[in-house]
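Structure assessment
Next come the chains, spelled out residue by residue.
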Amino acid sequence: MFSTKVNSLYTKLTMTEKKIADYLIINGGDVDGVTSYELAERLGIGQATVVRFSKKLGYRMFGEMIDDAKNSVGESSTEIQESDTASDILEKLGQRTCDIIQSIRQSNDAECFVRAAKLIDGAKNIVCYGYTTSNLFASYLSELLIEIGKGALCEDNSILTKRRVFQLDPQRDVVVIVSKSGEKSEPVGIAEYARSRGVPVIAISNAGKNPLVEASDVHLKVLEISDRSSPAASMGTDAGLVYVVETLAACVFQCNQKLYRRQYGNNIVAAFSERK
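Quick look at the structure, then.

Here we look at the pairing of strand S1 (residues 125-130)
By the criterion of burial, S1 is predominantly enclosed, with five of the six residues buried. Across five bridges, the pairing between S1 and strand S2 (residues 151-155) is parallel. The residue of S2 that forms the bridge with Tyr129 is Glu155. For the segment spanning S1, helix H8 (residues 134-147) and S2, crossover handedness is right-handed.

Structure (structure tokens):
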């Protein structure tokens, strides 16, 4: 999992942070029980830099990062080779997907899901937005919320989305933005516009700090693999997005199961009636 987290943020790391990451990947078997002070001494950098690096990767405590780096030693590579069979690909992508989901689980604080769910539960209108492929996941979240009776909608156009945001009530509505990188101008602009109008913003974005996170009230963390050298390089990351989206929807449902279960049942009956 340590390598997966590093890979997702490597291009955004400073030179000093890359030095830490490279050292732990290469020497993971020799860091058992090392303290932040000792690691800083080995690398000739400040202790605070080492601690901040562990936080940047999404670890709650420095020791968690060290344990993860140690346990990553000797793990089989999930990189897909030209000679791999379909069976090999099934195994590798299965392992990579499990690693990504576990990493996301480790990076997120359950309280953030509680806060996001309460905002959505108390909202009359929820506007969801995602840029390009991220819009698929924003749309999926919107559909999940509609199924339990929430007034959710998703636009794939930033101008139309801002018009929707303009109509929202800051006291009872919320905006959810999905952006794997958190750096594209469109989702960041919508988040900043919503915040300027007092509307709460929930960001589903990469674990590291980015402009979208800075403009949001709640941050739910996912992983983005920056390597685009081949189509297979980032495969598995979208499963992590689905995991976060479905966890959020489930937490909203948990806010008032009795109400949402009844509304969901009515929506299912209505849907089947329309098919007839």
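Considering unusual backbone geometry
Excluding glycine, residues mostly carry a negative phi; peptide bonds, for their part, are mostly trans. Despite not being glycine, Thr132 shows a phi value in the positive range, around 50°. By the element assignment, Thr132 lies in the loop between S1 and H8. By relative accessible area, Thr132 is classed as exposed at 55%.

So, the nonpolar core
If you look at the biggest cluster of nonpolar residues, it comprises 34 residues, and the most contacted ones within it are Ile120, Ile126, Ile204, Leu220 and Leu248. Counting only elements with at least two residues in this core, the list comes to helix H6 (86-107), helix H7 (110-121), S1, H8, strand S3 (173-179), strand S4 (201-206), strand S5 (218-222) and helix H12 (237-255). At six residues, the largest contribution of residues to this core is made by H12. Excluding anything up to four places from it in sequence, Leu220 contacts Asn108, Cys112, Phe113, Ala116, Ile202, Ala203, Ile204, Ser205, Val244 and Leu248. Core analysis: the next-biggest nonpolar cluster, separate from the first, contains 22 residues, Tyr23, Leu24, Val34 and Leu43 among them.

Rules used throughout
Residues numbered from 1 in each chain as written. Predicted model: local features only at pLDDT ≥ 70, side-chain atom pairs only at ≥ 80, totals over all residues. Heavy atoms only, no water. Buried < 20%, exposed > 50% of the residue type's maximum accessible area, 1.4 Å probe, protein only. Helix = DSSP H or I, 4+ residues; strand = E, 2+ residues; numbered from the N terminus. Pairing = 2+ DSSP bridges. Right-handed = clockwise from strand over helix to strand, strands pointing away. Core = buried A, V, L, I, M, F, W, Y, C linked by side-chain atoms within 4.5 Å. Contact = heavy atoms within 4.5 Å.

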